[in-house]
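# Working through the structure, step by step
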Amino acid sequence: MKIVVPIMPKNLSEIAKLDTAQYANADLVEWRADFMPIPDLKQAAQDIKAQFPNQGIIFTYRTEDKAEPVLSAEDYDRLIHQFSTEFAYVDVEILRFPSISLPDNAIVSYHDFTQIPQNLPDVLSKMAASGAKVVKFAGMPQKQSDVLRLMTETLRFSEEHPDVTLVTMAMGELGKITRVASDSFGSSWTFASVGETSAPGQLSLAEVVRIREIFQ
Ligand SMILES: O=C1C[C@@](O)(C(=O)O)C[C@@H](O)[C@@H]1O
């Protein structure tokens, strides 16, 4: 499994101060650009690329965790296309912005912060129908059986779609097992943290690296 570590800088000086050596074991770095003012993103993109010259970077502008829509569909589309060519991958909230034309390096994603939906297979199928090479789902389990259901449906979907890189996780305490057992149930990447977490239940990069060593 690949380990992805998010960074969530709030301004340019936080980017300058990043201790990038701490991210050396990350296979990919995810830039959560939604913590910064949009006018600063152009400069921030250059600075972040300079800070991580040897690692693939995912550009993510998360809107699903905000109660109010923060961007119009047109502005979201513009933002995604402005940055998709600059980074290895770009995260696209395809179910929230279905009219977007998908860049080749899109990770299509969907978050459910309240549950693991009963129609998870449909959610995954809808995202895969976009033609994206990477499909990602993160949901919040309410009980242990939700975690097992996510794992079962992930395995089933990954076996049926060997051409898709599938990434799923259950958030929160209950879901932690999904962040270390990804390979066992068909999820290809896991998200880990350096310092602050970008989602509940993330383990530290050091912990996930160690666990991956044990299981390999
Ligand atoms: O989609 C994801 C997964 C995630 O929500 C998690 O649960 O680890 C963390 C986010 O930063 C990332 O964009």
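Quick caveat, the model's predicted, so the values are computed rather than measured.

For the rest of this paragraph, the subject is the site of the ligand. Taken together, 15 residues lie near the ligand, and Pro6, Ala138, Phe191, Ser198 and Ala199 sit nearest. If you list the elements that add at least two residues to the shell around the ligand, you get strand 2 (28-32) and strand 6 (134-139). Looking at side-chain class alone, the shell around the ligand contains six nonpolar, four polar and five charged residues.

Before going further, it helps to spend a moment on the UniProt feature "active site" (unreviewed entry) in the chain. Per the UniProt record, "active site" (unreviewed entry) is found at His111 and Lys136. Across 26 residues of sequence, these annotated residues stay compact in space, with a maximum C-alpha separation of 8.5 Å. You can see His111 is positioned in strand 5 (residues 106-112). Apart from residues no more than four positions distant in its own chain, His111 is found in contact with Glu64, Asp65 and Ala138. Along the chain, Lys136 falls in strand 6. The exposure class assigned to Lys136 is buried, which follows from the 25 C-beta atoms found within 10 Å. The contact partners of Lys136, leaving out residues within four places of it in the chain, are Ile107, Ser109 and Val167.

Procedures and definitions
- Residues numbered from 1 in each chain as written.
- Predicted model: local features only at pLDDT ≥ 70, side-chain atom pairs only at ≥ 80, totals over all residues.
- Near = placed C-beta within 6 Å.
- Helix = DSSP H or I, 4+ residues; strand = E, 2+ residues; numbered from the N terminus.
- Nonpolar A, V, L, I, M, F, W, Y, C, P; charged D, E, K, R; others polar.
- UniProt positions renumbered as here; feature names shortened; annotations may be inferred.
- Contact = placed C-beta atoms within 7 Å.
- Buried ≥ 20, exposed ≤ 12 C-beta atoms within 10 Å, placed from the backbone.

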